[in-house]
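# Survey of secondary and tertiary structure
Single-letter residue listing:
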Amino acid sequence: MNWDETGPELDAPTGAAGFDDDRLVGAGADGEDTAVEAALRPKDLEEFVGQEKVREQLDLVLKAARARGATADHVLLSGAPGLGKTTLSMIIAAEMNAPIRITSGPAIQHAGDLAAILSSLQEGEVLFLDEIHRMSRPAEEMLYMAMEDFRVDVIVGKGPGATAIPLELPPFTLVGATTRAGLLPPPLRDRFGFTGHMEFYAPAELERVVHRSAGLLDVSIDTAGAAEIAGRSRGTPRIANRLLRRVRDYAQVKADGVIDREIAGAALKVYEVDARGLDRLDRAVLGALLKLFGGGPVGLSTLAVAVGEERETVEEVAEPFLVREGLLARTPRGRVATPAAWAHLGLVPPQHGAKGQAGLFGA
């Protein structure tokens, strides 16, 4: 069971991020998630579920550093929210028997903010910098020298009388996390000794996450019930754990507290999460696209008006998952529903819509 304790996708507009916080299938963490995650978070790489390649590679990096008696190389972790970037940073600190300090890119708006943090680090300490791509440019440039030479130049004074005072830093390990790796400048990416990309989880991996979390939460669940929850979790451990908690509530109130497939399905029907993990907003977007616009193509603004949401909410919150599931396509002419979308909602495409889609999808 792995997920981050950080907040919602910070690059989404404010409205979109706020909506994602309120969704049961949103990948952002709210206050309840943060409190529960602290108790459920795995403590070492062996306990960490999924991300096999990243775990294997990271294990070699950490073991080699321990054998040399040196600090570990700087680590960059990229991937969608809720996949385990914060968890891995804590595991890195635990494996290196080092303290960890957690901050985020948006919190570092000036070079002085970063200098204050770096100058107070202990030797070997792990600095976890979430949403690292959102740091200010002056702080980012200071980080280059700190990562490479363990030194920063603090500027004292202004204008011609300004003086650069070199400040030596103890060796430390920077763990950067980002949901938008493409926004990182090449000079910063090149200074990381190890880069790992977090993939979405397979249903079988999420079943293991659900079983582990159920044991820690003292929830009775059978294999079929865990599979039902895993299949609706959108490949994200944080969502799997959130759904588990809501199904647990339903089972305690409506049943004998034991979660099986029937109970899990009934509970998630109450919370409007369907068999593929789509919620009310997702189905509203698909429903408008299919029923009002014949499957498209239709412009994003028009589609947003049709579902009564902001353009940013549809684009940043609903569309990424629908595209990843192969239910919607973004084309130069607008948004287009795929044949899978018609099948999922149990609708039959109109003749002219079917012909148009045949040309777009080659079917």
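To be clear, the structure that these remarks concern was listed above.
Residues numbered from 1 in each chain as written. Predicted model: local features only at pLDDT ≥ 70, side-chain atom pairs only at ≥ 80, totals over all residues. Heavy atoms only, no water.

## A word on the packing of helix H13 (residues 300-307) against helix H14 (residues 311-324)
- Packing of H13 against H14 brings their axes to within 8 Å, and their N-to-C directions diverge by 90°. By the criterion of interaxial angle, the relationship of H13 to H14 is roughly perpendicular. Residue-level inspection shows Leu300, Ser301, Leu303, Ala304 and Val307 of H13 in contact with H14, the latter providing Arg311, Val314, Glu315 and Glu319.
- Its residues assigned to classes, the contact of H13 with H14 shows 5 nonpolar, 1 polar and 3 charged. (Axes fitted to C-alpha atoms, helices over the stretch in contact; angles between N-to-C directions. Helix = DSSP H or I, 4+ residues; strand = E, 2+ residues; numbered from the N terminus. Parallel < 35°, antiparallel > 145°, perpendicular 65-115°, else oblique. Contact = heavy atoms within 4.5 Å. Nonpolar A, V, L, I, M, F, W, Y, C, P; charged D, E, K, R; others polar.)

## Some remarks on helix H9 (residues 223-231)
- Of the positions making up H9, those classed as buried are Gly225, Ala226, Glu228, Ile229 and Ala230.
- For H9, the secondary structure elements touched by its buried residues are helix H8 (203-216), strand E8 (220-221), helix H10 (237-254), strand E9 (258-259) and helix H11 (261-270).
- Measuring from the backbone nitrogen of Ala224 back to the side-chain oxygen at the start of H9 gives 3.3 Å, which picks out Asp222 as the cap. (Buried < 20%, exposed > 50% of the residue type's maximum accessible area, 1.4 Å probe, protein only. Polar contact = N/O pair within 3.5 Å; in protein donor to acceptor, adjacent residues only side chain to side chain.)

## Here's the deal with the packing of aromatic side chains
- By the definition in use, this model includes 1 aromatic pair.
- Seen in terms of ring centroids, Phe150 and Phe172 are 5.5 Å apart; in terms of plane orientation they differ by 80°. Their pairing is edge-to-face. Of this pair, Phe150 sits in the loop between helix H6 (137-149) and strand E4 (151-156) while Phe172 sits in the loop between strand E5 (163-168) and strand E6 (173-178), and the two are 22 residues apart along the sequence.
- Assessed through its relative accessible area of 22%, Phe150 is described here as partly exposed.
- The ring of Phe321 is capped by Arg234, whose NZ or CZ atom sits 3.7 Å from the centre of that ring.
- Looking at Arg324, its charged tip hangs above the ring of Phe200, at a distance of 3.5 Å from the centre. (Phe/Tyr/Trp six-rings, centres within 6.5 Å; stacked < 30°, edge-to-face > 60°. Lys NZ or Arg CZ within 6 Å of the ring centre and 35° of its normal.)

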